Amino acid sequence: MIEVTDIRKSFDKLQVIKGVSLSIADGEMLTIVGPSGAGKTTLLQIIGTLERADSGSVKFDGEEITVMKDSKLARFRNRNMGFVFQFHQLLPEFTLEENVALPALIGGTRRSDAFTRARQLLGDLGLGARLDHRPSQLSGGERQRAAVARALINDPKVILADEPTGSLDSYNRAELYKLFFELRAATGKTFIIVTHDDTLALNSDRVIHMKDGLIV
């Protein structure tokens with residue numbers, strides 16, 4: 001589904017990714033592990049089109065996405081990719097329902113349809129009674145589940161998660177693992193997860209180890 005070929009990326013004089021190639025299958029749950037500074041998050045951001053590589057290629061279902069102009073890339077990302085970050089990144093001034101519906105509204109979905117879909121997802125994830133709450137009124141686990149709902153709103157092909165359990169306690173970490181595996185089983189979506197958590201890594205389909213900007 002995703003083919004990464006000889007990706008390189010530097011920030012100023014620091015080379016963060018030093019020629020990474022990687023194939024990711026449709027429906028695979030892949031975790032990327034390694035020490036801080038290994039280049040994991042930068043690689044995830046390049047795959048997710050949030051960052052541009054200096055050189056190399058990323059193909060998505062055979063389509064070269066690294067050469068797309070910004071406007072086309074933004075539309076492609078909105079349709080095909082959902083993101084879950086270490087810190088939920090929910091907008092504090094909006095309700096949970098509004099936060100989850102936002103990517104659909106940006107993508108051009110009719111308002112009534114976007115909010116219907118948001119309510120359905122939040123209900124499925126156990127947050128149906130929290131629709132009108134602001135993020136500050138929720139627990140850490142609830143905020144991350146809301147972030148997962150937001151990632152799913154446009155029915156993307158791939159979910160990219162950057163240390164999604166890093167800010168959670170052990171109970172909520174276990175609950176989020178369970179949710180990811182249930183979602184993958186139910187939807188067949190591809191998951192690419194950067195994590196320091198051995199439990200999540202060991203239960204995934206495949207683990208990629210990175211060090212000093214390379215897959216080792």
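Residues numbered from 1 in each chain as written. Predicted model: local features only at pLDDT ≥ 70, side-chain atom pairs only at ≥ 80, totals over all residues. Heavy atoms only, no water.

1. Observations regarding the environment of Ser-139
- Positionally, Ser-139 belongs in the loop between α4 (111–124) and α5 (140–152).
- Measuring from C-alpha to C-alpha, the distance between Ser-139 and Asn-172 comes to 9.7 Å, with 33 residues separating the pair along the chain. (Helix = DSSP H or I, 4+ residues; strand = E, 2+ residues; numbered from the N terminus.)

2. Looking at the side chain of Asn-80
- Tracing the backbone shows Asn-80 in helix α2 (residues 70–80).
- Each residue touching Asn-80, except ones within four places of it in the same chain, is listed here: Phe-60, Pro-156, Lys-157 and Val-158. (Contact = heavy atoms within 4.5 Å.)

3. Structural notes on α2
- Among the residues making up α2, those that are buried are Leu-73, Phe-76, Asn-78 and Asn-80.
- Of the surrounding secondary structure, the elements contacted by the buried residues of α2 are β4 (55–60), β5 (63–64), β6 (81–84), α3 (96–106) and β7 (158–162). (Buried < 20%, exposed > 50% of the residue type's maximum accessible area, 1.4 Å probe, protein only.)

4. Overview of the sheet that holds β6
- With mixed pairing, the 6 strands of this open sheet are ordered in space as β6-β7-β8-β3-β9-β10. The open sheet terminates on both sides in strands that have one partner only, identified here as β6 and β10 (214–215).
- In terms of strand pairing, strand β3 (residues 29–33) meets strand β9 (residues 206–211) through 4 bridges, oriented parallel. Its bridge partner lying in β9, Thr-31 is registered against Val-207.
- Along the sheet, helix α6 (residues 170–187) contacts β3, β7 and β8 (190–194); its crossing angle with β8, the most-contacted strand, is approximately 155°. (Pairing = 2+ DSSP bridges. Axes fitted to C-alpha atoms, helices over the stretch in contact; angles between N-to-C directions.)

5. A few points about the side chain of Lys-40
- Residue placement: Lys-40 occurs in helix α1 (residues 40–47).
- Buried and unpaired, Lys-40 has no salt bridge, with Glu-163 as the nearest side chain of opposite charge at 5.1 Å.
- A distance of 3.0 Å separates a polar side-chain atom of Lys-40 from the backbone oxygen of Pro-35. (Lys, Arg positive; Asp, Glu negative; His and termini not counted. Salt bridge = Lys/Arg side-chain N within 4 Å of Asp/Glu carboxyl O. Polar contact = N/O pair within 3.5 Å; in protein donor to acceptor, adjacent residues only side chain to side chain.)

6. Describing the pairing of strand β1 (residues 2–11)
- Relative to strand β2 (residues 14–24), β1 runs antiparallel, the two being bridged by 8 bridges. Its bridge partner being in β2, Ile-2 is matched across the sheet by Ile-24.
- The turn joining β1 and β2, which pair antiparallel and follow one another in sequence, is formed by 2 residues; a positive phi near 55° is taken by Asp-12.
- When β1 meets β4, the two strands line up antiparallel, connected through 5 bridges. Each bridged residue has a counterpart across the sheet, and for Ile-2 the counterpart in β4 is Phe-60.

7. Looking at the sheet that holds β2
- The antiparallel open sheet is built from 4 strands, whose spatial order is β2-β1-β4-β5. Of all the strands in the sheet, just β2 and β5 have a single pairing partner and so form its edges.

8. Let's talk about the pairing of β8
- By the criterion of burial, β8 is predominantly enclosed, with 5 of the 5 residues buried.
- Along β8, one buried face is formed by Thr-190, Ile-192 and Val-194 and the opposite face, lined by Phe-191 and Ile-193, is buried too.
- As judged from the 5 bridges shared by β7 and β8, these two strands associate in the parallel manner. Each bridged residue has a counterpart across the sheet, and for Ile-159 the counterpart in β8 is Phe-191.
- The handedness of the β7 to β8 crossover, carried by α6, is right-handed. (Right-handed = clockwise from strand over helix to strand, strands pointing away.)

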